[in-house]
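# Commentary on secondary and tertiary structure
Take a look at the letters that make up each chain.
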Amino acid sequence: MKIDVFDNDKKNTSVKSISLIPFFEQEPVNSINPSLKQALEEIGFTGKSSDIRIISLPTIKENFCTMGLGKRDKYSIEVYRRALSQSLRDIEKTGIATVISILPGIDRPDAEAFETAYIAETTLYKFSKYKSQHNENHEIRELLISGKGDLNSSLRMGQILGKSTNYARDFANMPPSEGTPSYYEKLARELKNVKVSVIEKAQFKELGMGGLEGVSRAAKEPAKLVIMEYKNSSDKPFAIIGKGIIFDSGGISIKPSAGMQEMKFDKCGASAVLGVMKALSEMNAKVNVIGLAPLTENLPGGNAYKPGDILRHYNGKTSEVITTDAEGRLVMADALSYAVDKYSPKAILDISTLTGACVTALGNNIAGLMGNSEELVNKMLDVSSKTWEKVWHLPIDDDFREQIKSTVADIKNTGGSQGGAETAGAFLENFIGTTPWLHLDIAGTAWTQEKTAKKEYVGKGATGFGVRLLTEFAISLFN
Ligand code: BES
Ligand code: MN
Ligand code: ZN
């Protein structure tokens, strides 16, 4: 889709277009075209936040989509995100390919332009690679934004972020037998200005990565630790690690079969990291960021790792395997301690579809946030408050640390069902030393289900949660 600034002087009247116009509830609308005003009165358009109408006026040869934003004093950028995205879905059905979008004019025009480009990209995303016919909707090919000031660079940035989010969704949505570690590596190598190196499965043992070695033992697809470096600042790096379980069957502690297909989404953390690296490089951001993705399947087999096994991780700590289904923390342990050891990052963050307990606690629209640095936690809460990617701070304290003590090893890989998100955080904490660290549990937010509360702009399947959040967070660390 082409996204550009609207220029009335260059308006091509031979191209069919539709104007998307925001309205607030109970406000007089005098400045609009009289024919449109009359039509709105006739159909009883209210301007309420879910009131969206498509109106074609043949007499003046114009098409409109009027978008209600509700009462002005209740307005927030989230109201705009939802209304815009629902409007674009309605417009898509008309088959009109050119949309002229007028900004609400509440926040700064550049911020609204950024949001518009970003939401348009994420709303109109489709995972249609495997559909033999994909003509359910027509395509919007051109989005022209009308607002004050120079909006060009905000539009470009918003679009990069939206497309990078979709790039992450594309990998996350892939079937588990095709969205493999090797395929991830291929995608990473396509990123411009990103240096890629790979630690292969054969090296896990000799490097002392017992978690990655254990979990990947019965995997058929070659497991990998993919490392992506984007250096455009001389500061110490910020390291981001994404859980990349290509398919989580649970291993020997096998999961129930109902719903198991959703465990192809256990690679959403790694997918988000890929999207962040793409966004940073395309934005030419002045940051130094290292992305790491431990990638493997978690499968049962005669050679699989077992409950009762004791694994020695990269930093020397040992963990007792109580269940092979708590595999994420085992592979993350090695990737985290490796990143700390090799790159001495100024901060480290992991993003992982780690626990069902986090979904139980926070639902499908809020990710769990844990960490060892109040400053970083507050920074994350602040960045998150400006995006749709909500987070909630959960505690890691001595009671949780107590729960994962093992009688035979340093720690065990589950602390039981109570406080499951926090005991997983307490486990990971053993692998970052004193480096300022944040942990995001995105088990509930990484993809949508039928029962998930509806957010028009995230659509079905992988949401790309974390791409915008981590990109903006990374930039804020280098300012
Ligand atoms: N990938 C799952 C977590 C998960 C579950 C994500 C449901 C999204 C939806 C993870 O590897 C897992 O299996 N965790 C277990 C841990 C438990 C065995 C300690 C869980 O949450 O049940
Ligand atoms: Mn699991
Ligand atoms: Zn998992």
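Rules of the game
Residues numbered from 1 in each chain as written. Chains lettered and ligands numbered in written order. Predicted model: local features only at pLDDT ≥ 70, side-chain atom pairs only at ≥ 80, totals over all residues. Heavy atoms only, no water. Donors = N, O, S within 2.8 Å, 3.2 Å for Na, K, Ca; no water. Tetrahedral: all angles 85-135°; square planar, octahedral: opposite > 155°, others 65-115°. Helix = DSSP H or I, 4+ residues; strand = E, 2+ residues; numbered from the N terminus. Buried < 20%, exposed > 50% of the residue type's maximum accessible area, 1.4 Å probe, protein only. Salt bridge = Lys/Arg side-chain N within 4 Å of Asp/Glu carboxyl O. Arc of directions from axis to C-beta. Contact = heavy atoms within 4.5 Å. Polar contact = N/O pair within 3.5 Å; in protein donor to acceptor, adjacent residues only side chain to side chain.

Protein ligation of the zinc ion (ligand 3) involves Lys243 (NZ), Asp248 (OD), Asp266 (OD) and Glu327 (OE), the donor distances falling in the range 2.0 to 2.4 Å. Here the zinc ion (ligand 3) binds 6 donor atoms, and the angle range of 79 to 173° at the metal identifies the geometry as octahedral. As a motif over one chain, the donors of the zinc ion (ligand 3) read K-x4-D-x17-D-x60-E. Between the zinc ion (ligand 3) and the manganese ion (ligand 2), a separation of 3.2 Å is found, and both are coordinated by Asp248. On the criterion of sequence distance, the pair formed by Lys243 in the loop between β9 (238–242) and β10 (244–248) and Asp266 in the loop between β10 and α8 (268–283) is long-range, its members being 23 residues apart. Overall, the relative accessible area of 2% leaves Lys243 in the buried class.

Before going further, it helps to examine the pattern of salt bridges. One pass over the full model with this rule turns up 33 salt bridges. Notably, a salt bridge pairs Lys37 with Glu41, separated by 4.0 Å at the nearest N-O pair. With a gap of 4 residues between them, Lys37 and Glu41 both fall in helix α1 (residues 34–43), about one helical turn apart. Lys37 sits in the partly exposed class, given a relative accessible area of 27%. Judged by relative accessible area, Glu41 falls into the exposed class, the value being 55%. Salt-bridge contacts for Arg81 lead to Glu115; the nearest nitrogen and oxygen are separated by 2.7 Å. Taken together, the positions of Arg81 in helix α2 (residues 77–94) and Glu115 in helix α3 (residues 109–124) put the pair 34 residues apart, joining distant regions of the chain. Glu115 sits in the buried class, given a relative accessible area of 4%. Among the ionic contacts, a cluster of salt bridges with common partners joins Glu78, Arg81, Arg82, Glu115, Arg468 and Glu472.

Among the residues of α1, those classed as buried are Leu36, Ala39 and Leu40. Along α1, the residues classed as buried sweep out an arc of 100° about the axis, all on the same side. Seen from the open side of α1, the exposed residues pointing more than 90 degrees away from its buried face are Pro34, Glu41 and Glu42. Looking at the buried side of α1, the elements it contacts are β2 (17–23), β3 (52–57) and β4 (62–68). Where α1 begins, one side-chain oxygen reaches toward the backbone nitrogen of Ser35, 2.8 Å away; that side chain belongs to Asn33. Note on α1: the residue one or two positions beyond its end, Gly44, has a positive phi of about 70°.

Turning to the coordination of the manganese ion (ligand 2), a few remarks are in order. Ideal values for angles at a metal depend on the geometry: 109.5 degrees with four tetrahedral donors, 90 or 180 degrees with six octahedral donors. Taken together, Asp248 (OD), Asp325 (O), Asp325 (OD) and Glu327 (OE) make up the full set of protein donors to the manganese ion (ligand 2), lying 2.1 to 2.2 Å away. Relative to the metal, the 6 donor atoms surrounding the manganese ion (ligand 2) lie at angles of 71 to 168°, and the coordination shape comes out irregular. The class for Asp325 is partly exposed, based on a relative accessible area of 24%.

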